[in-house]
Amino acid sequence: MSEATATGKLETTPLSQLLVYALDKGLTGSFIFQSPDRQKSALYLQGGTPANAKTGQPVIHLGRLLLELGKIDEDVYNATLSRVAKERALHGKLLLDAGAIDQPTLDAALSEQLLRQVVWMFSLSPKTGYAYYDGKNFLDKWGGGPVTLEPLGLIWRGIRRYENVQRVDLALARLGARQLRLHPSAQIARFALADSERAVLDVIRAKPQTLTELLDSGVADVVETKRLVFALMITRHLEVGAPPLGIGLRPTPPRSVTP
């Protein structure tokens, strides 16, 4: 393996920050993560967006995901799963060749699988070390190749589930008494927010206000609201004096899968 371009630990530079930096700089290369128990995970980025991943622990297999989403039934799942081991074939390709699913369904499932894998990486121990290798794709022979993913929705989903609240509070303290406003070029739809999260933005749109006022309004859970404002702040879709991240990229069309 070649010499790393950059190294560090997640306790100093958490995954949310790494993904924001990668998106901002349009990085193409591979991250290798090694947890304290020496378990390794890998993430390949293409133009700043995660495109392939290999996790240290199984997150969800493609066939199980398609079953969960109701795209195949148990009989099809079991019949094709037995062929995967025998033929050493990709489960998705077997299902596609068998006519059990179509290409759009496979593409949507692969995107959801990758999203869940990267969100799982948000749960890695803060003591996990990372190394970034610019221009290297260590996963070029893993899975079915690069997958299209919406980076803003991914970053939010990871923050919503795993971001350390103390770190969020420290970051939000920089806002002080500033009134919260969405950036005029913000593309909020790309975050794939839930109804309760959209309600928070409706309050901000109706009346710009400080974070304290927003939290006191009771529009949503306090921790959920803090994490949402944090996500919008670090991706610059909140007005912070710089253009929002990702606006130069074509938004990834919504997929026909559930979160």
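Residues numbered from 1 in each chain as written. Predicted model: local features only at pLDDT ≥ 70, side-chain atom pairs only at ≥ 80, totals over all residues. Heavy atoms only, no water.

1. Quick look at the packing of helix α6 (residues 151–162) against helix α10 (residues 222–234)
- The N-to-C vectors of α6 and α10 enclose an angle of 145°; their axes lie 9 Å apart at closest approach. As for the relative orientation of α6 and α10, their crossing is right-handed in sense. Across the interface between the two elements, W156, I159, R160, R161 and Y162 of α6 pack against E224, R227, L228, F230, A231 and I234 of α10.
- Considering only residue class, the contact of α6 with α10 consists of seven nonpolar, no polar and four charged. (Axes fitted to C-alpha atoms, helices over the stretch in contact; angles between N-to-C directions. Helix = DSSP H or I, 4+ residues; strand = E, 2+ residues; numbered from the N terminus. Left-handed = near helix turned anticlockwise from the far one by under 90°. Contact = heavy atoms within 4.5 Å. Nonpolar A, V, L, I, M, F, W, Y, C, P; charged D, E, K, R; others polar.)

2. A look at the confidence of the model for the chain
- Averaged over every residue, the pLDDT of the chain is 91; residues scoring 70 or more account for 94%.
- Contacts from residues 253–259, a stretch scored under 50 in pLDDT, to residues over four places away or in other chains number 15 contacts. (pLDDT = per-residue confidence, 0-100.)

3. What to know about the layout of surface pockets
- Volume-wise, the largest pocket comes out at about 830 Å³.
- Forming the walls of the largest pocket are 31 residues, and the residues nearest its centre are L62, L90, Q113, W142 and G143.
- Going through the elements one at a time, β4 (49–54), α2 (62–68), α3 (74–87), α4 (91–97) and α5 (103–121) are the ones with two or more residues in the lining of the largest pocket.
- The biggest single contributor to the lining of the largest pocket is α5, with five residues.
- The class makeup of the residues in the lining of the largest pocket is 16 nonpolar, 12 polar and three charged. (1 Å grid on protein atoms, 1.4 Å probe; cavity = no way out; pocket = protein on both sides within 12 Å on 5 of 7 lines; lining within 4 Å. Points joined across faces, edges and corners; volume = space filled by probe spheres on them.)

4. With respect to the nonpolar core
- Counting residues in hydrophobic clusters, the biggest one holds 54 residues, and the most contacted among them are L19 and F33.
- Element by element, the count of residues in this core is highest for α10, at seven residues.
- If sequence neighbours within four positions are ignored, L19 has contacts with L43, L45, P50, V118, F122, L154 and I155.
- Ranked by size, the runner-up nonpolar core spans 12 residues in total, among them L62, L65, L67 and Y77. (Core = buried A, V, L, I, M, F, W, Y, C linked by side-chain atoms within 4.5 Å. Buried < 20%, exposed > 50% of the residue type's maximum accessible area, 1.4 Å probe, protein only.)

5. A word on helix α1 (residues 15–25)
- Restricting attention to buried positions, one finds in α1 the residues L15, S16, L18, L19, V20, A22 and L23.
- At the C-terminal side of α1, G26 shows a positive phi close to 65°.

6. Focus on the packing of aromatic side chains
- Inspection of the entire model under this criterion finds four aromatic pairs.
- Summarising the aromatic geometry, the rings of F31 and Y132 are spaced 4.8 Å apart at their centres and angled 45° between planes, so their arrangement reads as tilted. Here Y132 lies in strand β5 (residues 129–134) and F31 lies in strand β2 (residues 29–34), a separation of 101 residues in the sequence.
- Given a relative accessible area of 4%, F31 falls into the buried group.
- For Y132, a relative accessible area of 5% puts it in the buried group.
- Centre to centre, the rings of Y133 and F138 are 5.1 Å apart; their planes meet at 75°, and the pair counts as edge-to-face.
- Note on F138: relative accessible area 31%, which makes it partly exposed. (Phe/Tyr/Trp six-rings, centres within 6.5 Å; stacked < 30°, edge-to-face > 60°.)

7. Remarks on the pattern of salt bridges
- Going through the model one piece at a time under the given rule, you end up with 13 salt bridges.
- Among the salt bridges present, the one from K226 reaches D169, with a minimum N-O distance of 3.1 Å. Placement of the pair is K226 in helix α10 and D169 in helix α7 (residues 165–172), with a sequence separation of 57 residues.
- Looking at D169, the relative accessible area reads 31%, which means it is partly exposed.
- Among the salt bridges present, the one from D202 reaches R205, with a minimum N-O distance of 3.5 Å. With D202 and R205 both in helix α8 (residues 195–206) and three residues apart, this pair spans about one turn of that helix.
- One network of salt bridges, with partners in common, ties together E68, E112, R116 and R157. (Salt bridge = Lys/Arg side-chain N within 4 Å of Asp/Glu carboxyl O.)

8. Points about α10
- Helix length check: α10, at 13 residues, gives a terminal C-alpha distance of 18 Å against a target of 18 Å (1.5 Å per residue), a fit within 8%.
- Most of α10 is tucked away, with 10 of its 13 residues classed as buried.
- Listed in full, the buried residues belonging to α10 are T225, K226, R227, L228, V229, F230, A231, L232, M233 and I234.
- Close packing links the buried residues of α10 with α1, α6, α7, α8 and α9 (211–216).
- One side-chain oxygen at the N-terminal end of α10 lies 3.1 Å from the backbone nitrogen of V223; it belongs to D221.
- Positive backbone phi, at 65°, marks R236, one or two positions downstream of α10. (Expected span 1.5 Å × (residues − 1). Polar contact = N/O pair within 3.5 Å; in protein donor to acceptor, adjacent residues only side chain to side chain.)

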